[in-house]
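Letter by letter, the chains look like this.
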Amino acid sequence: MIKKTCVMGILLGLCLLGVTPLLSLAQSESTPPPSSTRFDTEAATEAYLAKMPADKQAQSNAYFEGGYWLQLWDFLIGACIAILLLAGKLSARMRNLAERMTRRKPLQTIIYWTQYMIITSLITFPMTVYEGFFREHKYGLATQTFGPWLGDQGKGLLIGLIMGGILTTLIYGVIRKLPRTWWLWGAVVMMAFLVFSLLISPIFIDPLFNKYTSLTDQKIRGPILSLARANGIEANDVKVFDASRQTTRVSANVSGFLGTERIALNDNLLRRCTLPEIETVMAHEMGHYVLHHIYKMLLFFLVIVAIGFAFLRWSFNFCTRKWGEKWGIRDIGDVAGFPLMILLFSIFFSVMTPINNTLIRVQEVEADLFGLNAARQPDGEAEVALKLGEYRKMSPGPVEEFIFYDHPSGRNRILMAMRWKAENLATLPTVAVAPSTAPVR
Ligand SMILES: [Zn+2]
């Protein structure tokens, strides 16, 4: 969807902070068999996978594979909207209106952005409702009725108007001031803006959608804080947020930056998981923090956006030489060309999907390994992988995983946990050679 792609860069960075992991193909294929002959890693993995009923597995596959097609449809709808705005000269008229209202360039950009955001949100609304509401309910993943869901969408639109307005104005300012090197400085501005978003999110944005409270249950709070202290994290509070307001998914995340960092778990995780499972998830999130994944991702982000902007500079000029006059676009500093920018940028990010997913997935594998070493709960990890499998296909093919997965697949996560278990049997307190068949609490 076009409004999504236009803030794609920001979202790319923000989503890195969510719960995420993946196993590289080379790793999974070249790993030698475990040194322990008492524990069959492959058989243990298969035993865990067999715990997921066939109908649940089929449902999860259908949901996740449908997501691939949605990515394509969203891209095509976005492209159609961009072409409609450009070829129908609607974008040029929106620019003219902004110019009639004020002579100040930054204000013109904000006025243009507001019109753009409202028009594209209205056109894509039916798809947004299908994707975000009906489809989620169909697969039993959503908990909201239409009214509150729409309320959240409204808040999202308002945040998009404000944050997107600031970012678009800054980027156009750089383009106008530095016509030759804007692609580089624009990427720096984009990164600085992302840092700003990360800083304010836990304080101003997240609380608009969910309630964050301190975890009071000492039986869970104590072990989590102990894990944190053992891994050099100075924390004296554990936050829980009411994700059950929107979804049935279990998750946790690290958010914030430079002192506003926070590791929070969602109430579904708290309600549906055992203590070993909660410990392994929280240790994974602590891994993101201890391994400085946010800072590393910001650097990746800077490089990717700079390449994207360089492509944009070249391709935008190419397109406007051919169609600029017909579409009423003067040059790259003209906001009337914004839909073209979004279209070209979304082409770039579509092509980059496997690379971006792999960058994130590799960090997720690191966090998984950190989590296993810190929490020492391989069976908890395997159980959580099954729960995450409710919305992420468990056993994709290697190419499929490479292209579409921003976390390792459930199968690879369980395999990793069982491999860890095989090598640590002697030091684990109680060893279940096969996964228990008892229902999960
Ligand atoms: Zn993660």
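Residues numbered from 1 in each chain as written. Predicted model: local features only at pLDDT ≥ 70, side-chain atom pairs only at ≥ 80, totals over all residues. Heavy atoms only, no water.

As for the packing of aromatic side chains
Two measures describe an aromatic ring pair: the distance that separates the ring centres and the angle between the ring planes.
At step 1: For the structure on display, the rule yields 25 aromatic pairs.
At step 2: Ring geometry for Tyr68 versus Phe404: centroids 3.7 Å apart, planes at 15°, classification stacked. Here Tyr68 is found in helix 5 (residues 54-87), whereas its partner Phe404 is found in helix 17 (residues 398-404), with 336 residues between them in sequence.
At step 3: Phe404 sits in the partly exposed class, given a relative accessible area of 25%.
At step 4: Between Phe133 and Trp149 the ring centres are 5.5 Å apart and the planes differ by 55°, which places this aromatic pair in the tilted class. Linking Phe133 in helix 7 (residues 105-138) with Trp149 in helix 8 (residues 146-177), this pair joins segments that are 16 residues apart in sequence. There is no split in this pair, since Phe133 and Trp149 are both buried.
At step 5: In textbook terms, an aromatic cluster arises when at least three aromatic residues are bridged by ring pairs, as seen for Trp182, Phe309, Phe311, Trp314, Phe318, Phe345, Phe348 and Phe349.
At step 6: We note Arg249 situated over the ring of Tyr391; from NZ or CZ to the ring centre the distance is 4.6 Å. (Phe/Tyr/Trp six-rings, centres within 6.5 Å; stacked < 30°, edge-to-face > 60°. Helix = DSSP H or I, 4+ residues; strand = E, 2+ residues; numbered from the N terminus. Buried < 20%, exposed > 50% of the residue type's maximum accessible area, 1.4 Å probe, protein only. Lys NZ or Arg CZ within 6 Å of the ring centre and 35° of its normal.)

Description of the nonpolar core
At step 1: Grouped together as the largest cluster of nonpolar side chains are 48 residues, with contacts concentrated most on Tyr116, Met190 and Phe309.
At step 2: Elements with a minimum of two residues in this core: helix 5, helix 7, helix 8, helix 9 (182-209), helix 13 (293-327) and helix 14 (338-351).
At step 3: The biggest single contributor to this core is helix 13, with eleven residues. (Core = buried A, V, L, I, M, F, W, Y, C linked by side-chain atoms within 4.5 Å.)

Things to note about the sheet that holds strand 2 (residues 239-241)
At step 1: In space, the four strands of this open sheet follow the order 1-2-4-3, with mixed pairing throughout. Each of the sheet's edge strands pairs with one partner strand only, and the pair in question is strand 1 (212-214) and strand 3 (252-255). Averaged over all neighbouring strand pairs, the angle between strand axes comes to 35°, with direction disregarded.
At step 2: Where strand 2 lies against strand 4 (residues 262-266), three bridges are found, and the strand directions are parallel. Bridging from a neighbouring strand, Val240 pairs with Leu265 of strand 4. (Pairing = 2+ DSSP bridges. Axes fitted to C-alpha atoms, helices over the stretch in contact; angles between N-to-C directions.)

What to know about unusual backbone geometry
The general pattern is negative phi for most residues beyond glycine and trans for most peptide bonds.
At step 1: At Lys89, a position not held by glycine, the phi torsion is positive, near 60°.
At step 2: Position of Lys89 among the secondary structure elements: in the loop between helix 5 and helix 6 (90-101).
At step 3: You can call Lys89 partly exposed: its relative accessible area is 36%.
At step 4: In this structure, His292 takes a positive phi of about 55° despite not being glycine.
At step 5: Locating His292 in the fold gives a position in the loop between helix 12 (275-290) and helix 13.

A short note on the environment of Glu277
At step 1: In this structure, Glu277 sits in helix 12.
At step 2: Of note is the side chain of Glu277, whose polar atom sits 2.6 Å from the side chain of Lys387. (Polar contact = N/O pair within 3.5 Å; in protein donor to acceptor, adjacent residues only side chain to side chain.)

What to know about the side chain of Gln108
At step 1: One can find Gln108 in helix 7.
At step 2: In this structure Gln108 touches Ala98, Glu99, Thr102 and Arg103, once residues within four positions along its chain are discounted. (Contact = heavy atoms within 4.5 Å.)

Structural notes on helix 5
At step 1: Taking 1.5 Å per residue as the helical rise, helix 5 with its 34 residues ought to reach 50 Å, and the 49 Å between its terminal C-alpha atoms agrees with that figure.
At step 2: Lys89 occupies a position one or two residues after helix 5 and carries a positive phi of about 60°. (Expected span 1.5 Å × (residues − 1).)

Re the pairing of strand 3
At step 1: Alternating positions in strand 3 separate into two faces, Ala252 and Val254 on one and Asn253 and Ser255 on the other, with burial throughout.
At step 2: In terms of strand pairing, strand 3 meets strand 4 through four bridges, oriented antiparallel. Looking at strand 4, one finds that Ala252 is bridged to Leu265.

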